[in-house]
Structure formats: C-alpha cells, structure tokens
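Chains, contacts and geometry: an overview
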Amino acid sequence: MALKLTDVSLSYGSFILGPLDVAFETGVTAVIGPSGSGKSTLLQLVAGFERPDTGTITLDGRRIDRLPPEERSVGMVFQNYALFPHLSVRENLAFGEAPTADAQETVEMLEIGDLLDRSPETLSGGEKQRVALARALVSDPSVLLLDEPLASLDAPIRRRLRFELRDVLADLDVPVVYVTHDQDEAAVVGDRVTIVHDGSVVQSGPFEGVFEAPDTAFVAEFLGMENVLYGTVIATDGTETTVDVGPTEVVATGVIGTTDAAVAVHPDDITLSQDGKRCGPNALRCTVRRVIGHHAGGTAILDCEELGQITASLTAADAEELRGGTERVASFDPAAARVTKP
C-alpha cells in the first residue's frame, strides 16, 4: 500500500505549497518542519479538505484527489481530537464505524473499555487522544493521518503517550502520516521522516539515513546539528571533504557535488580544551561568551574567530567551572561532522 503525491501544489495568499512529489509507504512516516511550512496543509490535501491546484494524489494506484473526503478511505486524528461532545464515547466510535472493523479489538488495544459510556467532556487529554485514535481506526482506513495528536498535552503525559502510540501504530498495515513539531516524538513514533520547509519537501528517508546524511545545511541545523560553518570545497578523497571556511580549513564526512558547502556539527560533538596542539584538523580558537547551566550539564556559547557563534555541550562539572571571557579551543572529529549543500 502506498500513498503518492505527484506534482501536487496549492497556493493561498502569498504561500505556495509544492509542487510536491512524495510517497508514503506502509508504516509510520513522521512529517516535521518549522511552523507554517505546510505540514498540516499536506494532510488537508490528502484528507480532501483542500483541493490541489495541480497534480494527483493516488492510493495504491487509485486516484483519490477528485473524490470527496468520505470516499477516500482516509482516517484522521486532529490536534484538538474533534470528538462530538453531545455523544458518548461509544456513540463517537459508532459514528463512521466500518462494517469490516473490529471495534471491540480496537477498544481493548487502546484500553478505553471503561470510557465507553462517558461524555468526551469528562475525559482527560490522554483519554481523548486514545478515543480519537480509536474512532479513526474503526473506520478501517487505508491511510491514517495524525496532525499534532499530542501537542495539547502536558510534557510528561506527551512523553509517555508517544511510546504507547508507537506500539499501536506499528501494528497497522497501512501508510501512517504523522505530523509533529517535536523531533524527539517524531524519532520515537516514525520509521521514516519527511522534512518540509517553505512549502517544499526538502528530504525524505529512513530516520537514521537522514540524520546521518542531511542533504542541506537547513536539514542539518533543523535536526540539531546547530553549528554550521559555510565555505568552499578545496579537496575530497571520496569519503571526507576539506572545506575552507575563511580563517581555517575543516574536514568533514561526506562528499557533495557543489563547490559551495556547509559543515554541520552537533553541540554534543564539540570538545573544548585549553591547548589546540592535539585537537586534530578541526581546531577553532574561541572565546566563551556565556555558559548556560541545566539539569543535565550545560551549554557554552562561543565566539570563534571570524566564524561567528557556535555552541558546545558541557558536563555538569565543566559548566560549573567554565567562565565567560575564557579562551578555549573548540574541536571536533571529522567523523562527527557532515558536509552538506549550503
């Protein structure tokens, strides 16, 4: 089973979504990206609440973009759950239940049996989330769409429920498109990831592959490799690339087909020392601007030569000891850095 969007575009006001060419296979694909990038609009197009200006949407080879929402076999869980307040949980599930669905199995799987005679208004956020998911599942959809289903919950509940949600979604034999702004949630729930930026899909693939080899500086930075150095490729050996970033040269893993380049490094992979002689090829002389402590350690904000600001993760002991104005050498292993298109 595959959901495919081919040359799909939609414009409203000054915003243009697409043209999109993306496929969602059986399994869970997390769709992430900045606010306003078009994630929810993509779901609206698949569900039939919006009509594309161009392109086609097919489900297992059958075109659905010209069908009304009720004929698309698409289930959707909204951010606000959209439960009918005047109906009991049991009646909410019965609304739209498919003849082929096993409602009792769904009720048991989501552990909502004791909620069936209650009104949605009496449910907690977590209970509403499970009921909304159950209602979508008993429609026996060929595609399941979830639009920020945990966003309205408190952080501790959200962290717990994302693991429960992962277990439920992993057992479904249909494409699941899961929109979220939370990258940790996406990594827990999704098998694959699609990143949307300014109305375009900028990268898709298995989570590990995208995290290990971001295509662009935007993708790298969005995924947490927030230290990005821009420069020019001066050499490559087929596995690593040397980039002139201005005051120095740095070496990173990967090869790109352009002269302009960016080198991205996660703060966790930055090491600080007082002497750069033994730091390897990627040593940047910096001044500590600020140290921010937190429960797991800390973060150093650094001014590095002509390269601007970079950040480095600190242990609790280092965060306690380091002071603003201190001179340090920031270094990183080439294996921990990725060269991308700028």
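The rules behind each value
Residues numbered from 1 in each chain as written. Predicted model: local features only at pLDDT ≥ 70, side-chain atom pairs only at ≥ 80, totals over all residues. Heavy atoms only, no water. UniProt positions renumbered as here; feature names shortened; annotations may be inferred. Domains from an automatic or database assignment. Pairing = 2+ DSSP bridges. Helix = DSSP H or I, 4+ residues; strand = E, 2+ residues; numbered from the N terminus. Axes fitted to C-alpha atoms, helices over the stretch in contact; angles between N-to-C directions. Contact = heavy atoms within 4.5 Å.

- As recorded by an unreviewed UniProt entry, the protein chain carries the name Molybdate/tungstate import ATP-binding protein WtpC and is attributed to Halanaeroarchaeum sulfurireducens.
- Of the protein chain, the UniProt comment under Subunit (unreviewed entry) reads exactly: "The complex is composed of two ATP-binding proteins (WtpC), two transmembrane proteins (WtpB) and a solute-binding protein (WtpA)."
- Within the UniProt record for the protein chain, the comment given under Sequence similarities (unreviewed entry) is "Belongs to the ABC transporter superfamily. Sulfate/tungstate importer (TC 3.A.1.6) family."

1. Observations concerning the domain arrangement of the protein chain
- Each assigned domain of the protein chain is listed here: domain 1 (2-212) and domain 2 (224-340).
- Each of domain 1 and domain 2 has a C-alpha centre, and these two points are 38 Å apart.

2. Comments concerning the sheet that holds strand E3 (residues 27-32)
- The sheet built from six strands is open, its strands ordered E6-E7-E8-E3-E9-E10 with mixed pairing. Single-partner strands in this sheet number two, and they are strand E6 (74-77) and strand E10 (200-206). Each strand of the sheet is rotated relative to its neighbour by a mean of 20°, with strand direction disregarded.
- Looking at chain direction, E3 and strand E8 (residues 175-179) are connected through five bridges and run parallel. Looking at the pairing, Ala-30 lines up with Tyr-178 of E8.
- Of the strands in this sheet, E3, E6, strand E7 (143-147), E8 and strand E9 (192-197) are in contact with helix H1 (residues 39-47), which crosses E7 at around 150°.

3. Re the UniProt feature "domain: ABC transporter" (unreviewed entry) in the protein chain
- The residues that UniProt annotates with the feature "domain: ABC transporter" (unreviewed entry) are residues 3-223.
- A helix fraction of 32% and a strand fraction of 28% characterise residues 3-223, whose end C-alpha atoms lie 25 Å from each other.

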